[in-house]
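# An overview of the molecular structure
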Amino acid sequence: MSIFNVPKREEVSNENQEIFDNLEKAVGFVPNLYATYAHSENALANYLALSNAKTSLSAKQKEVVNLAVSQVNDCNYCLAAHTAIGKMNGFTDDQILELRKGHASFDTQLDALAKLAKNITENRGATDQSVIDNFLKAGWTKENLVDTIVLVGDKTISNYLHKTTNVPVDFPEAKPLETVETF
């Protein structure tokens, strides 16, 4: 149960009202998690600036990171949102489940990215050198490495906000991962 309300447009600052209006135009609604940022005068604008900043990763590559990080952090909201966004970026349901597990058998380069994002998150930044080496050998650059770390931080912020506030998820629920792995 949430201890935080999801603020409505009339309950937020004028600056946040303008952001709500822009989100409504761009997305068709104001996602509950974004609205929750608006409890702060500055957090929503700051988060959107970070989230929409230039990066060397494509939208599809960003979803690889978002899915792996959100799974490690067990964020139901972000898993639901990024499952929907992942599908919009061309991933199948099975590919999304793989990405959430931190691998991509269907693409060597995306596999290295998923493994890196998972490892960074699990180890709180103390990334295994073999994972970094594999990432670079897969054709990624040091720029991509830095941008991936920034994206892990970006997604972790949202994961933590939802885990703390537990606002209602307003995206279709993400399918749970199998609890038993088969080898």
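Residues numbered from 1 in each chain as written. Predicted model: local features only at pLDDT ≥ 70, side-chain atom pairs only at ≥ 80, totals over all residues. Heavy atoms only, no water.

On to unusual backbone geometry, then. Phi at R124 is positive, roughly 50°, even though this residue is not glycine. Position of R124 relative to the elements: it lies in the loop between helix 7 (108-122) and helix 8 (129-137). The residue N166 is not glycine, and still its phi comes out positive at about 55°. By secondary structure assignment, the location of N166 is in the segment after helix 9 (142-165). (Helix = DSSP H or I, 4+ residues; strand = E, 2+ residues; numbered from the N terminus.)

Of the voids in this model, the largest pocket is the one considered here, and its volume is about 690 Å³. Among the elements of the structure, helix 1 (14-27), helix 2 (32-37), helix 3 (43-51), helix 4 (59-72), helix 5 (76-88) and helix 9 are those that each provide at least two residues to the lining of the largest pocket. With seven residues, the top contributor of residues to the lining of the largest pocket is helix 5. Class assignment for the residues of the lining of the largest pocket results in 19 nonpolar, seven polar and four charged. Here the second largest pocket is characterised by a volume of approximately 150 Å³. (1 Å grid on protein atoms, 1.4 Å probe; cavity = no way out; pocket = protein on both sides within 12 Å on 5 of 7 lines; lining within 4 Å. Points joined across faces, edges and corners; volume = space filled by probe spheres on them. Nonpolar A, V, L, I, M, F, W, Y, C, P; charged D, E, K, R; others polar.)

Glancing now at the packing of helix 1 against helix 3. With their axes 9 Å apart at the nearest point, helix 1 and helix 3 run at an angle of 45° to one another. Relative to helix 3, helix 1 is oriented oblique. Across from N16, I19 and F20 in helix 1, the residues of helix 3 making contact are L44, A45 and L48. In terms of residue class, the contact of helix 1 with helix 3 is made up of five nonpolar, one polar and no charged. (Axes fitted to C-alpha atoms, helices over the stretch in contact; angles between N-to-C directions. Parallel < 35°, antiparallel > 145°, perpendicular 65-115°, else oblique. Contact = heavy atoms within 4.5 Å.)

The subject of this paragraph is the packing of helix 3 against helix 9. Where helix 3 contacts helix 9, the two axes come as close as 10 Å, and the packing angle between them is 145°. Regarding helix 3 and helix 9, the two cross each other, and that crossing is left-handed. Counting all contacts with helix 3, which are made through Y47, L50 and S51, the residues of helix 9 involved are V150, D154, K155, I157 and S158. A class-by-class count of the residues in the contact of helix 3 with helix 9 yields four nonpolar, two polar and two charged. (Left-handed = near helix turned anticlockwise from the far one by under 90°.)

This part covers the pattern of salt bridges. One side chain can pair with another of opposite charge once the charged atoms of both are near each other. The tally for this structure, following the rule as stated, stands at five salt bridges. With its nearest N and O atoms 3.7 Å apart, the salt bridge here joins K163 to D74. One end of the pair, K163, is in helix 9; the other, D74, is in the loop between helix 4 and helix 5, and 89 residues separate them in sequence. Take K163: its relative accessible area is 46%, and that puts it in the partly exposed class. By relative accessible area, D74 is classed as partly exposed at 43%. (Salt bridge = Lys/Arg side-chain N within 4 Å of Asp/Glu carboxyl O. Buried < 20%, exposed > 50% of the residue type's maximum accessible area, 1.4 Å probe, protein only.)

Treat this as a map of the structure, not an account of what it does.
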